[in-house]
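Each chain, written out:
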Amino acid sequence: MRTRSFALVTAFIVLLLVGAGAVYAYDSSRSSKIADGVTISGVDVGGLNSGEARDKIQAELLEPLKRPVTVRWRDHRFHLTARQARVGIDLDGSVDRALAKSRRGNLFTRTIRGLTGDGVDADVPVDITYDKSAIRRLVRRVAGAVDRPARDADVSIDGSGVSRTPSHDGIEVVQTRLRQDVDEKLLATTGSKTVRVATKTVKPEVTTAEVAEKYPAILIVNRSAFRLTLYKDLKMVKSYPIAVGQAGLETPPGRYTIQNKAVNPAWHVPNSAWAGSLAGQVIPGGAPNNPIKARWLGVYDGVGVHGTSDDASIGSNASHGCIRMHVPDVEDLYPRVPVGSPIYIA
């Protein structure tokens, strides 16, 4: 009886050892197989051995990564190749991690899983390496071709007239966004690899409207042509015939501003030899012997723009330094020119 019991125990132990050996052999035979349900960055590698998984990852991930990224700006194209960016993936490491996911559990749970066809629900992200400085260089190259500075408005006032430089907006690449977009497309394995450049508008510090507001009126006096030209909002609107200073009493050239204005002003006669007996007197506005008729726009040191009763003098060097105008003309000019307006005498 004892012999029979011993034989049964021995047989049971032998069966256990044989079963364990079979389980071990089965598990060992699957050690280089990736379990069903395992993916590498979304690519199904279940049931593949290491070499097969590497080939599939190379075909479905690495090859698409080799497509260049194209950055578009209007008719311009800028390219970044995978070689320039030194794009690469850790094939062996990714496959090894997928195998490690497949070997979760112990010897028996792995065997049961394999025999019953149960899979492992796991995704292994692939490690992609690339040179970020290549993206920065591309973005700088794009910015160098696209960026345009804003231009401030300006005005030049001289004897030839008023020259204006209008303002215009500038444009600037949004470099942070472009780097992000290129980075994303560089790592994309599906879809378009084209990036459109995002830009922002750069406003000028001084606009055309601000310059025009600063110069609501500008006067240009051309002594040789005997003309006074009025500019409003930086545009020529009217030209008037004038008389200017005679030899020895020339109208002073240069840039000045309108200092003061008056209607039918009194004449403060200068203490000059040419003033004769009137020197030093104040002649009331409207008096017959007051040569300043109708309006006065003071310029500099007793020199100004005014009307005259001597219409025949217009178009000649006839005054004592002032700028004479026909009375209707000076009356027309007067309300258009505020105090502080520039006047350039050439």
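None of these values were measured; they are calculated from a predicted model. (Residues numbered from 1 in each chain as written. Predicted model: local features only at pLDDT ≥ 70, side-chain atom pairs only at ≥ 80, totals over all residues. Heavy atoms only, no water.)

Enquirer: Is there a simple way to think about the pairing of strand β15 (residues 235-241) in this case?
Expert: Note on strand geometry: in a regular strand, side chains alternate between the two faces of the sheet. In this structure, strand β14 (residues 227-232) lies alongside β15, joined through 6 bridges in antiparallel fashion. Its bridge partner lying in β15, T229 is registered against S239. Counting the residues that bridge the hairpin from β14 to β15 gives 2 residues, and of these D233 lies at a positive phi of roughly 55°. (Pairing = 2+ DSSP bridges. Helix = DSSP H or I, 4+ residues; strand = E, 2+ residues; numbered from the N terminus.)

Enquirer: How do you make sense of the packing of helix α6 (residues 132-146) against helix α7 (residues 175-186) when you look at a structure like this?
Expert: Packing of α6 against α7 brings their axes to within 10 Å, and their N-to-C directions diverge by 130°. Classified by the angle between their axes, α6 and α7 sit oblique to one another. α7 is crossed by α6, and the crossing has right-handed handedness. Residue-level contacts link K132, I135, R136, L138, V139, V142 and A143 of α6 to Q175, L178, R179, V182, D183 and L186 of α7. Taken together, the residues of the contact of α6 with α7 sort by class into 8 nonpolar, 1 polar and 4 charged. (Axes fitted to C-alpha atoms, helices over the stretch in contact; angles between N-to-C directions. Parallel < 35°, antiparallel > 145°, perpendicular 65-115°, else oblique. Left-handed = near helix turned anticlockwise from the far one by under 90°. Contact = heavy atoms within 4.5 Å. Nonpolar A, V, L, I, M, F, W, Y, C, P; charged D, E, K, R; others polar.)

Enquirer: Any chance you could explain the layout of surface pockets here in plain terms?
Expert: By rolling a water-sized probe across the atoms, one finds the places where empty space is left. In this model, the largest pocket occupies a volume close to 620 Å³. Looking at the largest pocket, it is lined by 31 residues, and the ones nearest its centre are W267, W274, G302, H320 and C322. Every element with two or more residues in the lining of the largest pocket is listed here: β19 (267-268), β21 (293-300) and β22 (303-308). Taken together, the residues of the lining of the largest pocket sort by class into 15 nonpolar, 11 polar and 5 charged. (1 Å grid on protein atoms, 1.4 Å probe; cavity = no way out; pocket = protein on both sides within 12 Å on 5 of 7 lines; lining within 4 Å. Points joined across faces, edges and corners; volume = space filled by probe spheres on them.)

Enquirer: Help me understand the nonpolar core, please; the structure alone is not making it clear to me.
Expert: Nonpolar side chains tend to gather and get buried jointly when the protein is soluble and globular. V45, V71, V142 and V182 are the most contacted members of the largest nonpolar core, which has 44 residues in total. The element best represented in this core is α6, accounting for 7 residues. Contact partners of V71, with chain neighbours within four places excluded, come to H76, R77, F78, L138, V142, L178, V182, V195 and V197. With 23 residues, the next largest nonpolar core counts I258, L297, V330 and I345 among its residues. (Core = buried A, V, L, I, M, F, W, Y, C linked by side-chain atoms within 4.5 Å. Buried < 20%, exposed > 50% of the residue type's maximum accessible area, 1.4 Å probe, protein only.)

Enquirer: Just checking my understanding: could you explain the sheet that holds strand β3 (residues 69-73) for this structure?
Expert: Neighbouring strands of a sheet are bound in pairs by backbone hydrogen bonds; such pairs are parallel or else antiparallel. What the 3 strands build is an open sheet, ordered β4-β3-β11; its pairing is mixed. Looking at the sheet topology across the chains shown, the edges are occupied by β4 (76-80) and β11 (194-196). Recorded for the sheet is a direction-independent mean angle of 25° between the axes of neighbouring strands. Sheet topology note: the β3/β11 ladder contains 3 bridges and is parallel. By the bridge assignment, T70 is partnered in β11 with T194.

Enquirer: Can you walk me through the sheet that holds strand β18 (residues 260-263) in this structure?
Expert: Ordered in space as β18-β21-β22-β24, the 4 strands form an open sheet in which the pairing is mixed. In the strand order of this sheet, the two ends are held by β18 and β24 (323-326), each with one partner. On average, each strand axis in the sheet is inclined to that of its neighbour by 15°, with strand direction left out of account. Relative to β22, β21 runs antiparallel, the two sharing 5 bridges. Considered in β22, the bridge of L297 is made with V305.

Enquirer: Explain the environment of A247 to me, please; I cannot follow it from the model alone.
Expert: Position of A247 relative to the elements: it lies in the loop between β16 (244-245) and β17 (254-257). A relative accessible area of 71% places A247 in the exposed class. Separated by 73 residues in the primary sequence, A247 and H320 have C-alpha atoms spaced 8.9 Å apart.

Geometry only, nothing functional implied.
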